[in-house]
Amino acid sequence: MGAVEQTTAGGYLEAYEQALARAPMSAFGLVREWMRTDWRNLFAELRERRPVFVTPAFTVVTRFADVTEVLSHEEVFSVRAFGPRLDAALGAPFMLGRDATPMNWREKGLMQAILDPGDAARVRDLTGRLADDLLDAALSGGASDGSVEAVGALFRPVALAVCARYFGVPGPDQATLSRWTRAVVADGFANFVGDPAMRAASEQAGAELVGHLRDLLARHRADLAAGRDLPDDVFTRLVRSSLPAGTGLTDERIVTNMAGMPLGFVESAPGAMAEAVEQLLLRPDVRAEAVAAAPDPDRFDPYVWEALRFSPFFKLIPRLCERDHVLAAGTPRSTLIPAGTFVLAAPASAMFDADVVPQPEEFRLDRPRHHRLFFGSGHHACLGVHVAGPVIAETVRRLLLRPGVHLLPPPRGRVERSLGIFPDAFVLGTGAKGQEGR
Ligand code: HEM
């Protein structure tokens, strides 16, 4: 199936080494900038020439086996790379901030039971109705040329409405909940230089989110005590649930775990939708096939998963190496990673490793599920996967069921991202208002 040219421009390692000899700080900045803007070509060169890319500031891991090795050894490669910042924002430990603790084991298990995979059909149905209403509004009231800014008109409001109606976290209003999550997630995952303003904004936003959830919990408790009906959502299920005495599911633990729902979802779902739509529309033959398959979700969804392989929302997953570890032991890539190393495992690169993923440049629908790393892997694999999958796929499906959706030429048609990660805007052409659908 049609492939967009994925050329290896090359020359990154030489440019890096020259910069390193002149000014180390600028060399790290260069690599960070490439990882933001030119990651595909950078990773292709690293996989081939320097699969474990050691710099004095961080180590980038690019091959499939090595990325999964990092992500499955939580006792060696810990989330202390960002966990303390999440804890500081929430004022309490959260599962994604701790490794292999009894609390992590217990609460992930509980939250897995509460986020019942059996909810997938209900969530998909909800998403479909939300997406259609938003698309109707956007297409009838949008720009005079029929273009639609999909992040603001569709992706983000779908995620926020699912967060309100399925998770039971509406926020005081959508804009505030969005601002809180962005501030916390940005500091946790994109504040590479430790900017104090980003840190302060995260702690302020986290405190406001936690305060809001405490109020909501108090209201749920009062409603339960008064015998009033509660809606069936994740929050109310958690309020009604119990763990054996002594295992510590206090109200504060409920609040912390509920805070993790918007934090896990409100940026990453719109981000993944934008990535998937862009990858599908970049390939005219793939787009045509996906549109033809769109009436049937079972046929359509594999297009979305393959699109996300080409461009996952989380391209890099940070870890801190806790003790000396030989990565890829017994292979030519074998590398000692000393304790204290900041490690960036790159799923975006791993899913293009031809040793594991055959003909990675080809857009194929028959790839096995274990080749997909866009929901993470190992100890911290995504808790929300059974909900997030239907939300992403159904939103993209409803969009592509509208006739004439197409990419606009750059710069207008580019996905705009803050900090190179968070989706801000994606203007799409549509067949509406006489605009030529392509
Ligand atoms: C239903 C919505 C979602 C919720 C509630 C959610 C929640 C979470 C939580 C709590 C974790 C940490 C699990 C742990 O520590 O064991 C996690 C991990 C992760 N999630 Fe999600 N998530 C959601 C949607 C998404 C989406 C849309 C994506 C991207 C496509 C995503 C990608 C990831 C990744 C890559 C990890 C691993 C992070 C790591 O290993 O450091 N999640 N998610």
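Up top is the structure.
Rules and cut-offs
Residues numbered from 1 in each chain as written. Predicted model: local features only at pLDDT ≥ 70, side-chain atom pairs only at ≥ 80, totals over all residues. Heavy atoms only, no water. Helix = DSSP H or I, 4+ residues; strand = E, 2+ residues; numbered from the N terminus. Rg over C-alpha atoms; globule rule 2.2 N^0.38 Å. Buried < 20%, exposed > 50% of the residue type's maximum accessible area, 1.4 Å probe, protein only. Contact = heavy atoms within 4.5 Å. Areas by Shrake-Rupley, 256 points an atom, 1.4 Å probe, with all protein chains shown as cover. Lys, Arg positive; Asp, Glu negative; His and termini not counted. Charge placed at Lys NZ, Arg CZ, Asp CG, Glu CD. Pairing = 2+ DSSP bridges. Axes fitted to C-alpha atoms, helices over the stretch in contact; angles between N-to-C directions. Expected span 1.5 Å × (residues − 1). Polar contact = N/O pair within 3.5 Å; in protein donor to acceptor, adjacent residues only side chain to side chain. Donors = N, O, S within 2.8 Å, 3.2 Å for Na, K, Ca; no water. Near = heavy atom within 4 Å. Nonpolar A, V, L, I, M, F, W, Y, C, P; charged D, E, K, R; others polar. Salt bridge = Lys/Arg side-chain N within 4 Å of Asp/Glu carboxyl O. Phe/Tyr/Trp six-rings, centres within 6.5 Å; stacked < 30°, edge-to-face > 60°. Lys NZ or Arg CZ within 6 Å of the ring centre and 35° of its normal. Core = buried A, V, L, I, M, F, W, Y, C linked by side-chain atoms within 4.5 Å.

1. Regarding the overall build of the protein chain
Inference 1: A count of helical and extended segments in the protein chain gives 17 helices and 12 strands.
Inference 2: Here the C-alpha radius of gyration of the protein chain, 22 Å, is about what a compact globule of 438 residues would show, namely 22 Å.
Inference 3: For the protein chain, the spread of C-alpha atoms along the principal axes amounts to about 70 × 60 × 40 Å.
Inference 4: Expressed as a percentage of the 438 residues in the protein chain, the buried residues total 55%.
Inference 5: Considering only contacts in the protein chain between residues 6 or more positions apart, those separated by 24 or more positions represent 72%.
Inference 6: For the protein chain, the exposed area adds up to about 17,800 Å²; of that, 56% sits on carbon and sulfur atoms.
Inference 7: Separation between the mean location of the 48 positive side-chain charges and that of the 54 negative ones in the protein chain comes to 1 Å.

2. Considerations on the sheet that holds strand β8 (residues 342-345)
Inference 1: Strand order in the open sheet formed by 5 strands is β1-β2-β8-β5-β3, and the pairing between neighbours is mixed. Taken across any chain shown, the strands that pair with only one partner, and hence form the sheet edges, are β1 (52-54) and β3 (77-78).
Inference 2: By the bridge criterion, 3 bridges tie strand β2 (residues 59-61) to β8 in an arrangement that is parallel. Directly across from valine 61, in β8, lies its bridge partner alanine 345.
Inference 3: The sheet contacts of helix α4 (residues 64-72) involve β1, β2, β3, β5 (317-321) and β8, and relative to β8 the element is tilted by about 125 degrees.

3. Considerations on helix α10 (residues 196-225)
Inference 1: Over its 30 residues, α10 runs 43 Å from end to end, which matches the ideal 44 Å to within 8%, given 1.5 Å per residue.
Inference 2: On the buried face of α10, the contacting elements are α5 (83-90), α9 (174-190), α11 (234-240) and α12 (251-265).
Inference 3: A distance of 3.2 Å separates the backbone nitrogen of alanine 197 from a side-chain oxygen at the start of α10, and that oxygen is part of aspartate 195.
Inference 4: Phi turns positive, to about 75 degrees, at glycine 227, one or two residues after α10.

4. Structural notes on the coordination of the iron atom of the ligand
Inference 1: What the protein offers the iron atom of the ligand as a donor is a single atom, Cys382 (SG), at 2.3 Å.
Inference 2: Along the chain, cysteine 382 turns up in the loop between α16 (347-350) and α17 (385-401).

5. Points about the site of the ligand
Inference 1: As a matter of local geometry, the ligand sits amid 27 residues, with Lys108, Phe265, Arg319, His380 and Cys382 nearest to it.
Inference 2: Glycine 264 places a main-chain nitrogen or oxygen 3.3 Å from a nitrogen atom of the ligand.
Inference 3: In this structure, an oxygen atom belonging to the ligand sits 3.5 Å away from a main-chain N or O atom of histidine 379.
Inference 4: Secondary-structure elements contributing two or more residues to the shell around the ligand are α12, α13 (268-281), β5 and α17.
Inference 5: For the shell around the ligand, the per-class residue count stands at 19 nonpolar, 6 polar and 2 charged.

6. With respect to the sheet that holds strand β12 (residues 427-429)
Inference 1: The strand order β4-β12-β9 describes an open sheet built from 3 strands, whose pairing is antiparallel. The open sheet has two free edges, formed respectively by β4 (148-149) and β9 (406-407), since each of these has just one partner strand.
Inference 2: Relative to β12, β9 runs antiparallel, the two sharing 2 bridges. Opposite leucine 407, over in β12, you have leucine 428 as the bridge partner.

7. Some points on the pattern of salt bridges
Inference 1: Counted according to the given criterion, the structure contains 35 salt bridges.
Inference 2: Across the pair aspartate 87 and arginine 98 runs a salt bridge whose closest N-O atoms are separated by 2.6 Å. On the criterion of sequence distance, the pair formed by aspartate 87 in helix α5 and arginine 98 in the loop between α5 and α6 (102-114) is long-range, its members being 11 residues apart.
Inference 3: The class for arginine 98 is partly exposed, based on a relative accessible area of 33%.
Inference 4: The shortest N-O distance in the salt bridge between arginine 412 and aspartate 145 comes to 3.1 Å. Note that arginine 412 is positioned in the loop between β9 and β10 (416-418) and aspartate 145 in the loop between α7 (120-141) and β4, a separation of 267 residues in sequence.
Inference 5: Overlapping salt bridges, with partners in common, bring together Arg124, Asp132, Asp136, Asp301, Glu394, Arg397, Arg398 and Arg402 in one network.

8. Thoughts on the packing of aromatic side chains
Inference 1: Evaluated as defined, the whole model comprises 14 aromatic pairs.
Inference 2: Ring geometry for tryptophan 39 and phenylalanine 43: centres 6.4 Å apart, planes at 55 degrees, overall tilted. Note that tryptophan 39 and phenylalanine 43 are positioned in helix α3 (residues 39-49) at a spacing of 4 residues, about one turn of the helix. An identical accessibility class is assigned to tryptophan 39 and phenylalanine 43; each is buried.
Inference 3: Members of the aromatic cluster, each reached through a chain of ring pairs, are Phe82, Phe189, Phe313 and Phe314.
Inference 4: Sitting over the face of the ring of phenylalanine 310, arginine 309 holds its NZ or CZ atom 4.8 Å from the ring centroid.
Inference 5: One residue, arginine 309, lies across the ring of phenylalanine 352, its end atom 4.7 Å from the ring centre.

9. Considerations on the pairing of strand β11 (residues 422-425)
Inference 1: Sheet topology places β10 next to β11; 3 bridges connect them, and they run antiparallel. Within the sheet, the bridge partner assigned to glutamate 416 lies in β11 and is alanine 425.
Inference 2: Where β10 hands over to β11, the hairpin turn is made up of 3 residues, of which leucine 419 adopts a positive phi near 50 degrees.

10. Examining the side chain of threonine 55
Inference 1: Tracing the sequence through the fold places threonine 55 in the loop between β1 and β2.
Inference 2: At 2.7 Å, the side chain of threonine 55 and the backbone oxygen of phenylalanine 58 are in polar contact.

11. Thoughts on the environment of tryptophan 34
Inference 1: Along the chain, tryptophan 34 falls in helix α2 (residues 24-37).
Inference 2: Owing to a relative accessible area of 13%, tryptophan 34 belongs among the buried residues under this scheme.
Inference 3: Along the primary structure tryptophan 34 and tyrosine 12 are separated by 22 residues, whereas in three dimensions their C-alpha atoms are 8.6 Å apart.

12. Quick word on the nonpolar core
Inference 1: Counting residues in hydrophobic clusters, the biggest one holds 115 residues, and the most contacted among them are Phe155 and Phe167.
Inference 2: Sorting elements by how many residues they give to this core places helix α8 (residues 150-167) first, with 12 residues.
Inference 3: By size, the runner-up hydrophobic cluster in this structure holds 20 residues, among which are Ala27, Leu42, Phe43 and Val60.

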